[in-house]
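Here is how the chains run, residue by residue.
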Amino acid sequence: MSETLLFRGALVEGSTAADVLVEDGVITAIGSAVGHAGATEIDVDGLVLLPGLVDLHTHLREPGYEASETILTGSRAAAAGGYTAVFAMPNTSPVADTAGVVEQELALGEAAGFVTVQPIGAVTVGQKGERLAELGAMADSRARVRVFSDDGFCVWDPLIMRRALEYVKAFDGVIAQHAQDPRLTEGAQMNEGAVSAELGLAGWPAVAEESIIARDVLLAEHVGSRLHVCHLSTAGSVEIIRWAKRRGVNVTAEVTPHHLLLTDELVRDYDARFKVNPPLRREEDVLAVREGLADGTIDIVATDHAPHPTEAKACEWHAAANGMVGLESALRVVQQSMVDTGLITWGDVARVMSREPARIGRLTGHGTPLTEGQPASLAFYDPSPRRTFTTEDLRGRSVNSPYLGRELPGDVRWTVHQGTVTVADGVLLDTPGVRA
């Protein structure tokens, strides 16, 4: 049985002050002057209360790549960032393309206990793009997989993509596409543009993303299925999604925190912390994806948390791995790029970082309204401090963050996962629910 908790004075989604009573994992009262004899009272006066964050795009690396991350360490990083649920991408070893692997991941997440770990299944066997994986078996498994992706690789064959979209309709699944034409990006090292030309690095053109998105929204329209676009990064991609939604295509899209803030100018120093796929784009693209998120063209923020060991980044640019860790910094970056700039409100943050990711992934018990009777997965956030982001802020196994040394706002003060405290007064607990 969970501890009875009474949080006093939170600003519900940055607006009205309220007390929140949590009993047995459920919000049992929310409003002014809530009382309960015997409850543990916690002062959260002035903190922004959000539904626990949900990340639709996380790489937890287990099984197979535990030198970079494990489900336990990634879950701890997520809780530190205010997350209560993460969707684990399938590019593990073995690939999560069978019911057995996704059930193993689910069990490891349950054992860790810091967040709900919802596996994503691969679209094709071994993520090789040649034949469909066991989509139905994964959907019927204990993991109840509803999101399928070959992330890291594009489902490039249009016939396989069509068949995948058709197949998942039977159980209301969604195909999450890594939009990258492989022929247009062979040998690519960064965004194609003025900076790549100056540095003499092979460019990753925007059209390599945009052409796949354009094809896939037409396929989704043709078969009447759900499509989700991973890590959208260009102004042209925003326009294609906007056009598709006007046509009534059932498409959703995500943007990463780093594509909301960072540009390809950072590549000039050849610091591999800034090497990522899709690459950091131009300032014009950053402004376009911000606008797209603000006006609802882009549905959610997803971290694409991609941990790597030090040796995979401390090397020459061309040999370095793509990817950045982002769970611990995501909310801070969204505050800086979207809230502090006046583009969205804290209520919008709740939508794009909790409610919509849960809805797209068909994940029950998360992203629910902050009302009585709903599951108590919560994040209490202080937007006021500003300080330099350091390795002390990282709680996973890898430290390849692009924000090290950068001043960021905000601080996650409390995270509650299904009624159990995982972060208490800014401190990540060693064991969920156990405070000194």
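Residues numbered from 1 in each chain as written. Predicted model: local features only at pLDDT ≥ 70, side-chain atom pairs only at ≥ 80, totals over all residues. Heavy atoms only, no water.

**Student:** I would appreciate a short explanation of the UniProt feature "binding site: substrate" (unreviewed entry) in the protein in the present structure.
**Tutor:** Residues annotated in UniProt with the feature "binding site: substrate" (unreviewed entry) correspond here to H59, L60, R61, N91, N277 and H308. As for the annotated residues, the ones lining the largest pocket are H59, R61, N91, N277 and H308. Its location among the elements puts N91 in the loop between β7 (83–88) and α2 (99–112). Setting aside its immediate chain neighbours within four residues, N91 contacts H59, R61, Y65, Q127 and D151. (UniProt positions renumbered as here; feature names shortened; annotations may be inferred. 1 Å grid on protein atoms, 1.4 Å probe; cavity = no way out; pocket = protein on both sides within 12 Å on 5 of 7 lines; lining within 4 Å. Helix = DSSP H or I, 4+ residues; strand = E, 2+ residues; numbered from the N terminus. Contact = heavy atoms within 4.5 Å.)

**Student:** Honestly, the UniProt feature "binding site: Zn(2+) 1" (unreviewed entry) in the protein in this entry has me stumped. Any pointers?
**Tutor:** As recorded in UniProt, the sites labelled "binding site: Zn(2+) 1" (unreviewed entry) are H57, H59, D151 and D304. Annotated residues spanning 248 residues; largest pairwise C-alpha distance 9.8 Å, indicating a single compact cluster. Lining residues of the largest pocket drawn from the annotated list: H57, H59, D151 and D304. In this structure, H59 sits in the loop between β6 (53–58) and α1 (71–80). Setting aside anything within four residues of it in sequence, one finds H59 in contact with M89, N91, D151, D304, H305, A306 and P307. Within the structure, the side chain of H59 is placed 3.4 Å from the side chain of H57, a separation counted as a polar contact. In this structure, D151 sits in the loop between β9 (147–149) and α4 (158–168). Take D151: its relative accessible area is 3%, and that puts it in the buried class. (Polar contact = N/O pair within 3.5 Å; in protein donor to acceptor, adjacent residues only side chain to side chain. Buried < 20%, exposed > 50% of the residue type's maximum accessible area, 1.4 Å probe, protein only.)

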